[in-house]
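Inside the fold
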Amino acid sequence: FPPEDFLRVQALVVLFDRIVDVENIDHEIVWKLSCKEQDECYHRLGYLNLFNPMLPDHEYRLDLRSWEQRELCKLLVKLGIEEPGENWQDETYQWTKAAEPIPGWALPVGWGTEDEEVGGNGGPRHFGQLYLKYTSDAAGCKPDIPTRKLLMKRVLAGSERDI
């Protein structure tokens, strides 16, 4: 299918409500597209409609000003805390798109709290650009299946559907 003019993205958007196995859309279709096409898919269909916590191993570029992208960040933070090993790799954080990445940045402990905690300032920041590669197969890393199943309830891939 031709990649020009986001035709592959348009085809996915048109057929999205007919796809039965939504839990496989992200890794079987979206991840095989170019970076620009992936960004367009996430923009048009939504991160939480495409993300599958059972298969999180991927590269993420998140704008934390967006409610949905911040919610995805919370899911990745939960996985990063609950699963053993260094599963967040090459992570960078920038205050703005134009800013340089903060040198030596690592996942802050406070990002693992709920939004209501810390005087209403818990969880990830409400601004900034986050980049990371999530992996479950690096040395010392191991998937935590119960946590992943629990997180499935927060995304479309884990919802009950009539077929």
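You'll find the structure just up there.
It should be emphasised that the depicted structure is a prediction, and the values quoted were computed from it without experimental measurement. (Residues numbered from 1 in each chain as written. Predicted model: local features only at pLDDT ≥ 70, side-chain atom pairs only at ≥ 80, totals over all residues. Heavy atoms only, no water.)

**Quick look at helix H7 (residues 145-152)**
Filter applied, for reference: Type-normalised accessible area, obtained with a 1.4 Å probe on protein chains alone, sets the label of each residue: buried when under 20%, exposed when over 50%, and partly exposed for intermediate values. The secondary structure listing takes helices from DSSP runs of H or I that are at least 4 residues long and strands from runs of E that are at least 2 residues long, numbered from the N terminus. When we speak of the arc, we mean the arc of directions from the helix axis to the C-beta atoms. In what follows, residue pairs with any heavy atoms lying within 4.5 Å of each other are defined as contacts.
All of the buried residues along H7 are Thr-147, Arg-148, Leu-151 and Met-152. Considered in projection along H7, the buried side chains sweep an arc of 150 degrees and stay on one side of the axis. Turned more than 90 degrees from where H7 packs its buried face, Pro-146 and Lys-149 sit exposed. Here the buried face of H7 lies against helix H5 (67-82) and strand S3 (129-134).

**Some thoughts on the pattern of salt bridges**
Pairing of side chains with opposite charge becomes possible as their charged atoms draw close. Selection criterion: A side-chain nitrogen of Lys or Arg and a carboxyl oxygen of Asp or Glu constitute a salt bridge if their distance falls within 4 Å.
Under the criterion given, the structure shown has 13 salt bridges. Between Glu-40 and Arg-44 there is a salt bridge, with its nearest N and O atoms 2.8 Å apart. In this pair, Glu-40 and Arg-44 both sit in helix H3 (residues 35-45), four residues apart, roughly one turn of the helix. Its relative accessible area of 19% is what places Glu-40 among the buried residues. Residue classification places Arg-44 among the partly exposed positions, given a relative accessible area of 38%. Look at the salt bridges and you will find they share partners, linking Arg-70, Glu-71, Lys-74, Asp-115 and Arg-154 into a network.

**Notes on the packing of aromatic side chains**
Note the threshold: Aromatic pairs are defined between Phe, Tyr and Trp rings, using the six-membered ring for Trp, whenever the two ring centres lie within 6.5 Å; interplanar angles under 30 degrees are classed as stacked, those over 60 as edge-to-face, and all others as tilted.
Inspection of every chain in the model, using the stated rule, returns seven aromatic pairs. Here the aromatic rings of Tyr-42 and Tyr-47 are separated by 4.6 Å at their centres, their planes lie at 10 degrees, and the arrangement is stacked. The pair Tyr-42 / Tyr-47 is uniform in exposure class, with both members buried. When the centroid spacing of 5.6 Å and the interplanar angle of 20 degrees are considered together, the rings of Tyr-93 and Trp-105 count as stacked. With Tyr-93 in strand S2 (residues 88-94) and Trp-105 in the loop between S2 and helix H6 (117-120), this pair connects stretches of sequence that are 12 residues apart. By relative accessible area, which is 11% here, Trp-105 ends up buried. One aromatic cluster in this structure is built from Tyr-93, Trp-95, Trp-105, Trp-111 and Phe-127.

**Considerations on empty space enclosed by the protein**
For clarity, the cut-off: Here a cavity means grid points, on a 1 Å grid over the protein atoms only, where a 1.4 Å probe fits yet cannot get out; a pocket means an open set of points with protein on both sides within 12 Å along at least five of seven lines; lining residues are those with an atom within 4 Å of a point. Grid points are joined across faces, edges and corners, and a volume is the space filled by probe spheres set on the points. Throughout, the ten residues Ala, Val, Leu, Ile, Met, Phe, Trp, Tyr, Cys and Pro are labelled nonpolar, Asp, Glu, Lys and Arg are labelled charged, and all others, Gly among them, are labelled polar.
Enumeration according to the criterion identifies one cavity of 30 Å³ or more in this entry. Estimated volume of the largest cavity: approximately 70 Å³. If you trace the largest cavity, you find it lined by Gln-38, Asp-39, Tyr-42, Tyr-47, His-58, Glu-59, Tyr-60, Arg-61 and Leu-62. Secondary structure elements with two or more residues in the lining of the largest cavity: H3 and strand S1 (58-63). At five residues, S1 tops the list of elements feeding residues into the lining of the largest cavity. Tallied by class, the residues present in the lining of the largest cavity amount to four nonpolar, two polar and three charged.

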